[in-house]
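Residues per chain, in single letters:
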Amino acid sequence: MQAYLELLQDILDNGTKKEDRTGTGTISVFSRQLRFDLAKGFPLLTTKKLHIKSILHELLWFLSGETNIAYLKEKGVRIWNEWADEEGNLGRVYGAQWRTWLGPDGRTTDQISQLIDQIRNNPDSRRHLVSAWNPAEVSAMALPPCHYAFQFYVADGKLSCMFNMRSVDTFLGLPFNIASYAFLTYMVAQQCDLEVGELIWCGGDVHIYLNHIEQVKLQLTREPYPLPKLLIKRKPDSIFDYAFEDFEIADYVSHPGIKGLIAI
Ligand SMILES: Nc1nc(=O)c2c([nH]1)NC[C@@H]1CN(c3ccc(C(=O)N[C@@H](CCC(=O)O)C(=O)O)cc3)CN21
Ligand SMILES: O=c1ccn([C@H]2C[C@H](O)[C@@H](COP(=O)(O)O)O2)c(=O)[nH]1
């Protein structure tokens, strides 16, 4: 995860101070890329302890198509609480766009099922793409998607994933997002009998909130540990049948957690 630390330093060195929607203020750079070779280890940050439970449950919740936080609450995951209404609804966010994209004729498209089908049956396709950015429904979302699209690529029996983010909370959000798409890549690869290749992140407005600067500087004093490994204990019947217990992160050694306030 040296590349992540270099990104933090890049923003500190080159970032421009900007106001933002939350009123917190940021320093930001525009358009960056990070690449992770998944064969070299699972890209889980080691310079602060990450809460794997929140990351995995959020991903399983996206895949289920759910957009109410009831499932997350039941699992003790609080990361979406601030954006939900009194009934726990977030509107037509990720899960809805991934599984029930609403077309002009009123029919819905399950982008994840189509993705798996196409990777299995037409691996060379250049259309292995899922979009969460649905302009017609952005106004019906508690928060417009930050990771707005992802694409898979198959070559030499390996599956690679590129995911795009329009706006990146580099201290709190990005480590979660990288781990989440790494989990997803492993799951899709297993379902399609492929090995894992590269995970590539592309970010647009890549920022550090002003109230995270001290935390970032502390993190930059820390030496990364070797990356952990991901073990998936069984092969479920479909991409929608994974359970939290199917995953084990082995050899995760990390520095202690670093607290930071989330900008709402
Ligand atoms: N400002 C902001 N940053 C984000 O990363 C973000 C949003 N808003 N809004 C929507 C989701 C919610 N996400 C979140 C929300 C909270 C944490 C957070 O507080 N992380 C703590 C641990 C929390 C836990 O696992 O219980 C951390 O130290 O990483 C992370 C991602 C990612 N997204
Ligand atoms: O998965 C996520 C979700 C959200 N974020 C961050 C990026 C921004 O800091 C905020 C969203 O605010 P906007 O004004 O809508 O850009 O949330 C993230 O990093 N990862």
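For clarity, every value in this text was computed on a predicted model and none was experimentally measured.

Trainee: Sorry if this is basic, but what is going on with the site of ligand 2 here?
Mentor: In the vicinity of ligand 2, 13 residues are found, and the nearest of them are R21, S167, N177, H207 and Y209. The side chain of H207 places a nitrogen or oxygen atom 2.7 Å from an oxygen atom of ligand 2. Burial of ligand 2 by the protein chains amounts to 84% of its free accessible area of 460 Å². Looking at the shell around ligand 2, the elements with two or more residues in it are β7 (158-169), α6 (173-191) and β8 (195-209). Per-element tally for the shell around ligand 2: the top contributor is β7, with five residues. Partitioning the shell around ligand 2 into residue classes produces five nonpolar, five polar and three charged.

Trainee: Explain the pairing of strand β6 (residues 147-155) here, please?
Mentor: Two faces belong to every sheet, and in a regular strand the side chains alternate between them. Two strands pair when backbone bridges link them, and strand β5 (residues 129-131) and β6 are joined in this way by three bridges, in the antiparallel orientation. Note on β6: the bridge partner recorded for L129 is Q151. As judged from the eight bridges shared by β6 and β7, these two strands associate in the antiparallel manner. Following the sheet pairing, A149 is matched in β7 by N164. Two successive antiparallel strands, β6 and β7, enclose a turn made up of two residues, where D156 displays a positive phi of approximately 55°.

Trainee: What's the story with the nonpolar core in this structure? I'm lost.
Mentor: Nonpolar side chains tend to gather and get buried jointly when the protein is soluble and globular. The biggest cluster of nonpolar side chains holds 81 residues, and the ones touching the most others in it are W98, F150 and F183. Per-element tally for this core: the top contributor is α6, with twelve residues. With residues near it in sequence (within four places) discarded, F150 still touches W98, I112, L115, H128, L129, V130, C161, M162, F163, Y181 and L184.

Trainee: Just checking my understanding: could you explain the packing of helix α1 (residues 2-14) against helix α7 (residues 213-220) for this structure?
Mentor: Relative orientation and spacing of two packed helices are given, respectively, by the angle between their axes and the distance between those axes. At a minimum axis distance of 10 Å, the contact between α1 and α7 shows a crossing angle of 135°. As far as their axial angle goes, α7 and α1 are oblique. At the point where α1 passes α7, the crossing takes the left-handed sense. Along the contact surface, α1 presents Y4, L5, L8, Q9 and L12, while α7 presents I213, V216, K217, Q219 and L220. Its residues assigned to classes, the contact of α1 with α7 shows seven nonpolar, two polar and one charged.

Trainee: I tried to follow the pattern of salt bridges on my own but got confused; where do I start?
Mentor: Side-chain pairs of opposite charge can arise whenever the charged atoms involved come near each other. Under the criterion given, the structure shown has ten salt bridges. Between D251 and K229 there is a salt bridge, with the nearest N and O atoms lying 3.5 Å from each other. With D251 in the segment after β10 (247-250) and K229 in strand β9 (residues 229-232), the pair connects residues that are 22 residues apart, well separated along the chain.

Criteria and cut-off values
- Residues numbered from 1 in each chain as written.
- Chains lettered and ligands numbered in written order.
- Predicted model: local features only at pLDDT ≥ 70, side-chain atom pairs only at ≥ 80, totals over all residues.
- Heavy atoms only, no water.
- Near = heavy atom within 4 Å.
- Polar contact = N/O pair within 3.5 Å; in protein donor to acceptor, adjacent residues only side chain to side chain.
- Areas by Shrake-Rupley, 256 points an atom, 1.4 Å probe, with all protein chains shown as cover.
- Helix = DSSP H or I, 4+ residues; strand = E, 2+ residues; numbered from the N terminus.
- Nonpolar A, V, L, I, M, F, W, Y, C, P; charged D, E, K, R; others polar.
- Pairing = 2+ DSSP bridges.
- Core = buried A, V, L, I, M, F, W, Y, C linked by side-chain atoms within 4.5 Å.
- Buried < 20%, exposed > 50% of the residue type's maximum accessible area, 1.4 Å probe, protein only.
- Contact = heavy atoms within 4.5 Å.
- Axes fitted to C-alpha atoms, helices over the stretch in contact; angles between N-to-C directions.
- Parallel < 35°, antiparallel > 145°, perpendicular 65-115°, else oblique.
- Left-handed = near helix turned anticlockwise from the far one by under 90°.
- Salt bridge = Lys/Arg side-chain N within 4 Å of Asp/Glu carboxyl O.

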